[in-house]
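For reference, the chains in residue letters:
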Amino acid sequence: MPQFIERVTMTYSTTNWEKMAQFERDFTDCEDSLGNIPRKKWLRPFSSPQSLMSTQWEREWASLSEMEAAGGKMEASEEHTKIRKSMVSSGILNSFHRELLQIENPLE
């Protein structure tokens with residue numbers, strides 16, 4: 001059962017939506033090939049304080065050690081590093097914000 005949610009919010013200009021989406025397709029292919037990395041769940045604002053030109057993704061983790069192990073795989077991957085550096089240097093993102101949330105249910 002997931003214990004943590006990693007959430008990333010990115011904003012970009014309208015002309016960069018397809019470029020950003022391609023980077024994320026590349027990340028997904030790479031992360032799938034590395035194995036044991038949960039897939040991202042994509043969210044687009046419909047009614048939100050976020051800009052309509054933003055995207056959020058969330059990924060659920062069973063533990064922090066699982067997240068750290070996956071992060072190590074991604075850091076060690078030449079392909080993942082290449083995609084990440086290319087995305088950062090592309091200038092398509094206006095902002096990037098990362099959160100780590102602990103799932104807590106006071107009713108249980």
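Above this note sits the structure.
The structure presented is a predicted model; accordingly, all values stated were derived computationally and were not measured.

J.: Explain the packing of aromatic side chains to me, please; I cannot follow it from the model alone.
T.: Tallied over the full model, the rule gives one aromatic pair. The positively charged end of Lys40 is found above the aromatic ring belonging to Trp57, 4.5 Å away from the centroid.

J.: Explanation requested: the sheet that holds strand S4 (residues 93-102) in the structure shown.
T.: By definition, the strands of a sheet pair up through backbone hydrogen bonds, in either a parallel or an antiparallel sense. One open sheet accounts for four strands, arranged S2-S3-S1-S4; its pairing is antiparallel. The open sheet has two free edges, formed respectively by strand S2 (41-43) and S4, since each of these has just one partner strand. Sheet twist, expressed as the average angle between the axes of neighbouring strands with direction ignored, equals 20°. Relative to strand S3 (residues 54-61), strand S1 (residues 4-12) is paired through eight bridges, and the arrangement is antiparallel. Within S3, the position partnered with Ile5 by the bridge is Glu60.

J.: I keep staring at the packing of helix H2 (residues 64-76) against helix H3 (residues 78-90) and nothing clicks. Help me out?
T.: Angle between the axes and distance between the axes: these two values describe a pair of packed helices. Look at H2 against H3: their axes get within 5 Å of each other, and the N-to-C directions meet at 80°. The angle between H2 and H3 falls in the class roughly perpendicular. Only Glu78, His80, Thr81 and Arg84 of H3 make contact with H2, whose side of the interface consists of Met74, Glu75 and Ala76. The class makeup of the residues in the contact of H2 with H3 is two nonpolar, two polar and three charged.

J.: What's the story with the layout of surface pockets in this structure? I'm lost.
T.: Where empty space is left can be seen by rolling a probe of water-molecule size over the atoms. Approximately 460 Å³ is the volume attributed to the largest pocket. For the largest pocket, the lining is made up of 22 residues, of which Glu6, Trp57, His80, Arg84 and Phe96 are closest to its centre. If one sorts the elements of the lining of the largest pocket by residue count, H2 sits on top with five residues. Residue composition of the lining of the largest pocket, grouped by class: 11 nonpolar, two polar and nine charged.

J.: Can you help me understand unusual backbone geometry in this one?
T.: Negative phi values dominate among residues other than glycine, just as trans dominates among peptide bonds. Of note, Asn36 is a non-glycine position whose phi angle comes to about 55°, a positive value. Mapping Asn36 onto the fold places it in the loop between helix H1 (17-34) and S2. When its relative accessible area of 69% is taken as the criterion, Asn36 is described as exposed.

Criteria and cut-off values
- Residues numbered from 1 in each chain as written.
- Predicted model: local features only at pLDDT ≥ 70, side-chain atom pairs only at ≥ 80, totals over all residues.
- Heavy atoms only, no water.
- Phe/Tyr/Trp six-rings, centres within 6.5 Å; stacked < 30°, edge-to-face > 60°.
- Lys NZ or Arg CZ within 6 Å of the ring centre and 35° of its normal.
- Pairing = 2+ DSSP bridges.
- Helix = DSSP H or I, 4+ residues; strand = E, 2+ residues; numbered from the N terminus.
- Axes fitted to C-alpha atoms, helices over the stretch in contact; angles between N-to-C directions.
- Parallel < 35°, antiparallel > 145°, perpendicular 65-115°, else oblique.
- Contact = heavy atoms within 4.5 Å.
- Nonpolar A, V, L, I, M, F, W, Y, C, P; charged D, E, K, R; others polar.
- 1 Å grid on protein atoms, 1.4 Å probe; cavity = no way out; pocket = protein on both sides within 12 Å on 5 of 7 lines; lining within 4 Å.
- Points joined across faces, edges and corners; volume = space filled by probe spheres on them.
- Buried < 20%, exposed > 50% of the residue type's maximum accessible area, 1.4 Å probe, protein only.

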